[in-house]
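Architecture and fold: a report
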Amino acid sequence: HDVWTQECGPVIGLTVSQRAARVLSDEGVENAANIAKFLDTNRRLESGTAVSDEDRNACQLRPGQLILVDEASMAETGQLDEIRRYADLAGAKVLYVGDNAQLSSVGSGGVFSQLTEDLPNVHRLDEVMRFNSEWEKEASLKLRKGEVDVLAEYETRGRLRAGTREEMVEASYQSWLVDHTGGKDAVLIAPTTAQADELAARARADLVR
């Protein structure tokens, strides 16, 4: 982003969600938007429908611009292709960035993973920067590949907790509640909508009380 801005021209960062767009903006990509907003604006521009000056300035492409699609594996195939088409029309460049082992799109997806295997100009980052501990750097890559044997190392280091479904739901909820009331930014994730609703109702009742 910084090199392109200095040497070539403007950059727009695209993400699947608006929350991710705000994170991208906080990390230095000043012009960031969610994919749905970007595509809707460009469709309106293409059809001659009126758009606000703010949306036009943010989303209308120009020659030499870089379109940085973050976490591209989570975007739908049709969306990625439409972004590419608008870039071609404007003379802009698209850079898909992401992890081909990450969870894929909710809709029709999978093309990002295929592109990482088929295209000749794919650049891969192979140095893990997110962990300080050497064991966890190596273990995370094995976990990413689905090598279940590495779970033994996590267990040895006290990183796994086990119990009945009821015990683990209770332990997870209580841990979340302690962190949340302690001012930490905590997230409690459930496997089903029904269980998420149940936990949300419980959390609301506890917080109100």
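Here, every reference points to the structure presented above.
Our subject in this report is the structure included herewith. Nothing here was measured: the structure is a model prediction, and the numbers come from that model. (Residues numbered from 1 in each chain as written. Predicted model: local features only at pLDDT ≥ 70, side-chain atom pairs only at ≥ 80, totals over all residues. Heavy atoms only, no water.)

1. What to know about the environment of Ala87
The following threshold applies: Secondary structure elements follow DSSP: runs of H or I no shorter than four residues count as helices, runs of E no shorter than two count as strands, and numbering proceeds from the N terminus. Per-residue accessibility, obtained with a 1.4 Å probe over protein chains only, is compared with the maximum for each type, and a residue is labelled buried under 20%, exposed over 50%, and partly exposed between these values. Note on definitions: a residue-residue contact is assigned when non-hydrogen atoms from the two residues lie within 4.5 Å.
Secondary-structure assignment places Ala87 in helix H5 (residues 77-90). The exposure class of Ala87 is buried, given its relative accessible area of 1%. Separated by 26 residues in the primary sequence, Ala87 and Leu61 have C-alpha atoms spaced 7.1 Å apart. Among residues more than four places away in sequence, those in contact with Ala87 are Leu61, Ile67, Ala92 and Val94.

2. Details of the sheet that holds strand E2 (residues 32-34)
Threshold: Two strands pair under a simple rule: DSSP has to find at least two bridges between them. Structural elements are reduced to axes, namely lines fitted to C-alpha atoms, with helices fitted over the stretch in contact, and the angle between N-to-C directions of any two is expressed from 0 to 180 degrees.
Spatial ordering of the open sheet is given by E2-E1-E3-E4, a layout of four strands whose pairing is parallel. Each of the sheet's edge strands pairs with one partner strand only, and the pair in question is E2 and strand E4 (93-96). Each strand axis lies, on average, 25° off the axis of its neighbour in the sheet, ignoring direction. The pairing of strand E1 (residues 11-15) with E2 spans three bridges and is parallel. Across the sheet, Thr15 pairs through a bridge with Asn34, a residue of E2. The strands touched by H5 within the sheet are E1, strand E3 (66-69) and E4, with E4 carrying the most contacts at an inclination of about 155°.

3. Section: the packing of helix H9 (residues 165-181) against helix H10 (residues 193-208)
In helix packing, the relevant descriptors are the interaxial angle and the interaxial distance, both defined with respect to the helix axes. Quick note on the threshold: Any angle that is under 35 degrees is reported as roughly parallel, and any over 145 degrees as roughly antiparallel; angles of 65 to 115 degrees are reported as roughly perpendicular and all others as oblique. The sense of a crossing depends on the near helix, which, turned anticlockwise from the far helix by less than a right angle, makes the crossing left-handed and, turned clockwise, makes it right-handed.
Contact geometry of H9 with H10 gives a least axis separation of 12 Å together with a crossing angle of 45°. Considering the angle they form, H9 stands oblique to H10. As for how H9 packs across H10, the hand of that crossing is right-handed. Facing H9, whose interface residues are Arg165, Val169, Glu170, Tyr173, Gln174, Trp176, Leu177, His180 and Thr181, H10 presents Gln195, Leu199, Arg202, Ala203, Asp206 and Leu207.

4. Some points on the pairing of E4
For the record, the criterion: Throughout, right-handed denotes a crossover for which the path from the first strand over the helix to the second runs clockwise when the strands point away from the viewer.
Looking at chain direction, E3 and E4 are connected through four bridges and run parallel. If you follow Ile67 over to E4, its bridge partner there is Val94. Handedness of the crossover joining E3 and E4 through H5 is recorded here as right-handed.

5. Things to note about the environment of Leu188
Counting through the fold element by element, Leu188 comes out in the loop between H9 and H10. In contact with Leu188, not counting residues within four places along its chain, are Ser172, Tyr173, Trp176 and Leu199.

6. Examining the pairing of E1
In summary, the side chains of a regular strand alternate between the two faces of the sheet. For E1, the buried fraction is high: five of the five residues fall into the buried class. Of the two faces of E1, the one carrying Val11, Gly13 and Thr15 and the one carrying Ile12 and Leu14 are both buried. Alignment of E1 against E3, held across four bridges, turns out to be parallel. Pairing of Gly13 across the sheet is with Leu68, part of E3. Viewed along the sheet, the connection from E1 through helix H2 (residues 18-26) into E2 turns out right-handed.

7. What to know about the environment of Leu199
Along the chain, Leu199 turns up in helix H10. Classification of Leu199 as buried rests on a relative accessible area of 10%. When the C-alpha positions of Leu199 and Ile189 are compared, they lie 9.5 Å apart, and in sequence the two are ten residues distant. Contacts of Leu199, omitting those with residues within four sequence positions, involve Val169, Tyr173, Leu188 and Ala190.

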